[in-house]
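# A structural walkthrough
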Amino acid sequence: MEGGWALRGMGFFASLCALSGCASAALEPGGEQEKVVVVAPEEQGLVTFDELTAARLEGSYEYRGETLRFESEARDGVYYVTVTLRGMVLSATLDTTGAFDLDGYNDADGTDTAMTAVDRALIHALESALTDLYRARAAELPALDVFSRTLGLWSDYPDTVALRRMFYARHERKGSGSSLCDNLNKPGQGSGFVPRYTWASHDCLKLKGVFTTDCGPLTAGCAYGNDSSTLDSVFMSMHPGGSCGDGRFFGTSAANMRCYEPDHDSNVEFAYGDCFGRCGLGCGGSTQFTQACLDHDACVSSGHWTANPLSACDDEFAEAAVDYLVLSNCGGALQIDYNWAGSSYEGACPASWKNANDGCDAACQFVDGDCFR
Amino acid sequence: MNRPKAKVLIAVFAAALLVAGLLFHRGSSLRSLAVSEASVAPAAQPPLAAQERRSAAAIGRAIPLSELASARRTREEKATLAVESEAARIAQREAKLDPLPWGASRPPPAVDGDHAVSKSEAALPAAEKVRQTESMIERLRERIARAEQPSVRPASLVFDGSSRARERLLARMKRRVAELEQSLAREGPGATAEGQ
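Bear in mind that the values here come from a model prediction, so they are computed numbers and not experimental data.

Reading the values: the criteria
Every chain is numbered on its own, with residues counted from 1 as its sequence reads. To label them, take the chains in the order written and letter them from A, then take the ligands in the order written and number them from 1. In keeping with the model being predicted, local features are shown solely for residues with a pLDDT of at least 70 and side-chain atom pairs are shown and tallied solely at 80 or more, while totals for entire chains, interfaces and linings include all residues. Side-chain metrics in this entry use all non-hydrogen atoms of the structure; hydrogen atoms and water are not considered. Going along the chain from the N terminus, every DSSP run of H or I of four or more residues is numbered as a helix, and every run of E of two or more is numbered as a strand. Here the term buried applies to any residue with accessible area under 20% of the maximum for its type, exposed to any over 50%, and partly exposed to those in between, with areas from a 1.4 Å probe on protein chains only. By the convention used here, residues are in contact when the closest approach between their heavy atoms is within 4.5 Å. Reported buried area values correspond to the accessible surface (1.4 Å probe) lost by two parts on association, with both partners' losses combined. What counts as a salt bridge is simple: a side-chain nitrogen of Lys or Arg found within 4 Å of a carboxyl oxygen of Asp or Glu. Under this definition, polar contacts are N or O atom pairs within 3.5 Å; protein pairs additionally need one hydrogen-donor-capable and one acceptor-capable atom, and for neighbouring residues in sequence, both atoms have to be side-chain atoms. When DSSP locates at least two bridges between a pair of strands, those strands are taken to pair. Helix axes use the C-alpha atoms of the stretch in contact, all axes being lines fitted to C-alpha atoms, and the angles between their N-to-C directions lie in the range 0 to 180 degrees. Any pair of cysteine sulfurs within 2.5 Å is marked as a disulfide. For every residue, the predictor states its confidence as a pLDDT score lying anywhere from 0 to 100. Only buried residues count toward a nonpolar core, which is a set of Ala, Val, Leu, Ile, Met, Phe, Trp, Tyr and Cys residues joined through side-chain atoms within 4.5 Å. Roughly parallel covers angles under 35 degrees, roughly antiparallel covers those over 145, roughly perpendicular covers 65 to 115, and oblique covers all other angles. Take the far helix as the reference: if the near one is turned anticlockwise from it by less than a right angle, the crossing is left-handed, and if turned clockwise, right-handed. Note on residue classes: Ala, Val, Leu, Ile, Met, Phe, Trp, Tyr, Cys and Pro are nonpolar, Asp, Glu, Lys and Arg are charged, and everything else, Gly too, is polar. Stacked, tilted and edge-to-face are the three classes applied to pairs of Phe, Tyr and Trp rings, where Trp contributes its six-membered ring and a pair requires centres within 6.5 Å; stacked means planes under 30 degrees apart, edge-to-face means over 60, and tilted covers the rest. Only when the NZ atom of a Lys or the CZ atom of an Arg is both within 6 Å of the ring centre and within 35 degrees of the ring normal do we say a charge sits over the ring.

### Looking at unusual backbone geometry
Residue and element names in this part refer to chain A. Look at Asp-76: it is not a glycine, yet its phi comes out positive at around 55 degrees. Structurally, Asp-76 is set in the loop between β5 (66-75) and β6 (78-85). The exposure class of Asp-76 is exposed, given its relative accessible area of 75%. The phi torsion at His-264 lies on the positive side, around 55 degrees, for a residue other than glycine. Examined against the element boundaries, His-264 turns out to sit in the loop between β13 (258-259) and β14 (270-272).

See the structure below:
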């Protein structure tokens, strides 16, 4: 059966990449079992699957001289995921209730350790590398679906939260109760593109003055919903990021956004990019968008960061964590024709490219309606 | 022309002016929006040029037909530029990753003293929390039992299949089961089942 999966995977990717130049997969003779090899787009490493079936996958990922090894197993609604990287073992056990238990420890002696920025970068790179495979096959490969979602969770995991922890399923919001799929901007919104904006906020210890109610002393810093800790108009989509630290674009209007990280600026109300609102670090395969994940993104992208020593966004992470693994995907993958991130056009596209029916332009100072026709 | 007729005509003329004014006002405000909010879709299938013109107009920014040819030309130019931007993007990504401490040894565990509890977890009924914890204990026991079966291939046994790696993972899972059981026994309903 494994060979069958692999063959079908190869056919898909061969045709997909001929069209779009995305990730590619190929078969490699591997003795009794054929391997599936995925070359990540934009030189982001090489994934090799020794096994890739609905019930189980196993393989490795090579990037920047590091090797990450992984397994994922699906058995009657229960999932086991194990990853080793940089001398650390990460383990996840997912129950049918929607609750899950995580663990992480030193591979050498079994003692506790913590997540680091390098770990997150490597895990996120793997999730990114698997994006095209996920979108093509995750619906038929539960082991792959849960594996990619778990990578998304670990890629956002703060240094300051213990790796050994149980996360409980939401009692009141199982299913799609907290999903923001209806607010997600995705292709097919028609030639009359109507942007959908969503409100996001967070609380933290940021103090903006002594005599103010906006992130003031009465609330011991920013309260959830304060002007300076709130973005009124987040444009959620599977839009890629820019080249700045967080990869997100912010502005005071929908026409002047640029890639930078504002620090609780009450004038900044518009934001988009790097899959803002997705459960997971930046863009990746799975497409859950929820209020908790959006609030977490708004927190880490607005003057805080994932490894913040003040742990400002840990409560947002704890709130969002269960959404990464439990909720249904929203879909909404974009076909980007021109990604200007990293170029001189980033945040400075000619105005004539906007909504001009000339292909989807990404990473501009505006959101191009052509991406959502 | 009698006076009532003139009044009607004047009223009709005024109404027409009002409607025209409203329409004009709406159109100009749409154009002034940074992101258009019009939503007019073509009903039939006109020729391509007309389609492009109509859809462009529908999103609030009309493109004259004379500009469409140049727009098509720029697609090729843009494609060339976009390829160049990919190379720059890769270089920038790697430059961002370079300063990270790739060679650093593993850090100690997070203190997690101020354990962040989510609002949804805090609102979880005690009985539901107990149910989920008990179910998780069962899942972990199943995973341990499965891992201990010599006939089962080394699933979730940390890859190299070495006995030491296997023992470490099993020991961690067993310890976790004990922690969850203790938290249930110690605190009863409403117990939290956090690590350490």
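Picking up after the structure, the text goes on.
### Notes on the interface of chain A and chain B
Listed by partner, the interface residues are 98 residues for chain A and 85 residues for chain B. Carbon and sulfur atoms make up 51% of the area that chain A and chain B hide from each other, which totals about 7,800 Å². It is A:Arg64, A:Arg164 and A:Tyr168 in chain A that bury the most area against chain B; as a group they hold 11% of the surface buried on that side. Scanning the region where chain A abuts chain B turns up 14 salt bridges. Scanning the region where chain A abuts chain B turns up 42 residue pairs in polar contact (both at pLDDT 80 or more).

### Points about the pairing of strand β11 (residues 230-235) of chain A
All names here are of chain A. β11 sits mainly inside the fold: five of its six residues count as buried. Pairing of strand β10 (residues 197-201) with β11 involves four bridges; the strand directions are antiparallel. For Ala-200, the partnering residue across the bridge sits in β11 and is Leu-231. The pairing of β11 with β14 spans three bridges and is parallel. What sits directly across from Ser-233, in β14, is Phe-270.

### Focus on the sheet that holds β13(A)
All names here are of chain A. Strand order across the open sheet formed by five strands is β10-β11-β14-β12-β13, with mixed pairing between neighbours. One side of each edge strand has no neighbouring strand; the edge strands of this open sheet are β10 and β13. Examined bridge by bridge, strand β12 (residues 249-251) and β14 share three bridges and lie antiparallel to one another. For Phe-250, the partnering residue across the bridge sits in β14 and is Ala-271. With respect to the sheet, helix α5 (residues 291-300) is in contact with β10 and β11, its orientation differing from that of β10 by roughly 65 degrees.

### Digging into the state of the cysteines
Residue and element names in this part refer to chain A. Applying the stated criterion to the full structure yields eight disulfides over all chains. Each sulfur in the disulfide pair Cys-215 and Cys-222 lies 2.1 Å from the other. For the disulfide bridge between Cys-215 and Cys-222, the dihedral angle about the S-S bond is near 100 degrees, and by the sign convention the bridge is right-handed. Across the pair, exposure class does not vary: Cys-215 and Cys-222 are buried alike. Note on cysteine connectivity: Cys-244 is disulfide-linked to Cys-259, with sulfurs 2.0 Å apart. The chirality of the disulfide connecting Cys-244 with Cys-259 is left-handed, given an S-S dihedral of about -75 degrees. Placement of Cys-244 in the loop between β11 and β12 and of Cys-259 in strand β13 is noted, with a sequence separation of 15 residues between them. In this structure Cys-204 is not part of a disulfide, and its nearest cysteine sulfur, from Cys-222, lies 3.9 Å away.

### Quick word on the confidence of the model for chain B
Residue and element names in this part refer to chain B. Of all residues in chain B, 49% have pLDDT values of 70 or greater, and the mean over the chain is 68. Confidence scores differ between elements of chain B, with helix α2 (residues 48-58) showing the lowest mean pLDDT of 39 and helix α5 (residues 126-148) the highest of 92. Taken together, the stretch residues 22-62 has pLDDT below 50 and engages in 60 contacts with residues farther than four places along the chain or on a different chain. As a predicted assembly, this complex carries a pTM of 0.81 together with an ipTM value of 0.86.

### Here we look at the nonpolar core
All names here are of chain A. Ranked by size, the top nonpolar core spans 55 residues in total, and within it Phe-49, Tyr-61, Phe-70, Val-83 and Trp-154 carry the most contacts. With residues up to four places along the chain from it excluded, the contact list for Trp-154 reads Val-81, Val-83, Leu-90, Ser-91, Ala-92, Leu-102, Met-115, Arg-120 and Ile-123. Ranked by size, the runner-up nonpolar core spans 33 residues in total, among them Cys-259, Ala-271, Leu-334 and Ala-341.

### Some words on the packing of α5(A) against helix α6 (residues 314-326) of chain A
Residues and elements named next belong to chain A. Running from N to C, α5 and α6 cross one another at 135 degrees; their axes reach a closest spacing of 8 Å. Viewed along their axes, α5 and α6 adopt a mutual orientation that is oblique. Between α5 and α6 the crossing geometry is left-handed. Taken together, the residues of α6 that come into contact with α5 (itself represented by Ala-292, Cys-293, Asp-295, His-296 and Cys-299) are Glu-316, Phe-317, Glu-319, Ala-320, Asp-323 and Tyr-324. In terms of residue class, the contact of α5 with α6 is built from six nonpolar, one polar and four charged.

### Quick word on the packing of aromatic side chains
Aromatic ring pairs: the centre-centre distance and the angle between the two ring planes describe each pair. This structure, assessed with the given rule, holds 20 aromatic pairs over all chains. Summarising the aromatic geometry, the rings of A:Phe193 and A:Phe235 are spaced 6.1 Å apart at their centres and angled 75 degrees between planes, so their arrangement reads as edge-to-face. Here A:Phe193, found in the loop between β9 (165-167) and β10, pairs with A:Phe235, found in strand β11; they are 42 residues apart in sequence, far enough to count as distant. A:Phe235 matches A:Phe193 in its accessibility class, with the two residues each being buried. Here A:Trp340 and A:Trp353 contribute two aromatic rings whose centre-to-centre distance is 4.8 Å and whose plane-to-plane angle is 25 degrees, an arrangement assigned as stacked. Of this pair, A:Trp340 sits in the loop between β15 (338-339) and β16 (361-362) while A:Trp353 is found in the loop between β15 and β16, placing the two residues 13 residues apart along the sequence. Residue classification places A:Trp340 among the buried positions, given a relative accessible area of 0%. By the ring-pair criterion, three or more aromatic residues cluster together here, those being A:Phe100, A:Tyr157, A:Phe167, A:Phe317 and A:Tyr324. Over the aromatic face of A:Phe276 sits the side chain of A:Arg248, whose NZ or CZ is 4.6 Å from the ring centroid. Over the ring of A:Tyr168 we find B:Lys129, and its NZ or CZ is 5.3 Å from the ring centre.

### Regarding the pattern of salt bridges
All names here are of chain A. All told, the structure shown has 38 salt bridges over all chains when counted by the stated rule. Note that Lys-35 is salt-bridged to Asp-50, the shortest N-O span being 3.6 Å. Placement of the pair is Lys-35 in strand β2 (residues 35-39) and Asp-50 in strand β3 (residues 46-52), with a sequence separation of 15 residues. Overall, the relative accessible area of 23% leaves Asp-50 in the partly exposed class. Of the charged contacts in the structure, one is a salt bridge between Arg-170 and Glu-319, with a shortest N-O distance of 2.9 Å. Of the two residues, Arg-170 is situated in the loop between β9 and β10 and Glu-319 in helix α6; the sequence distance between them amounts to 149 residues. Relative accessible area serves as the criterion here: at 11%, Glu-319 is assigned to the buried category.

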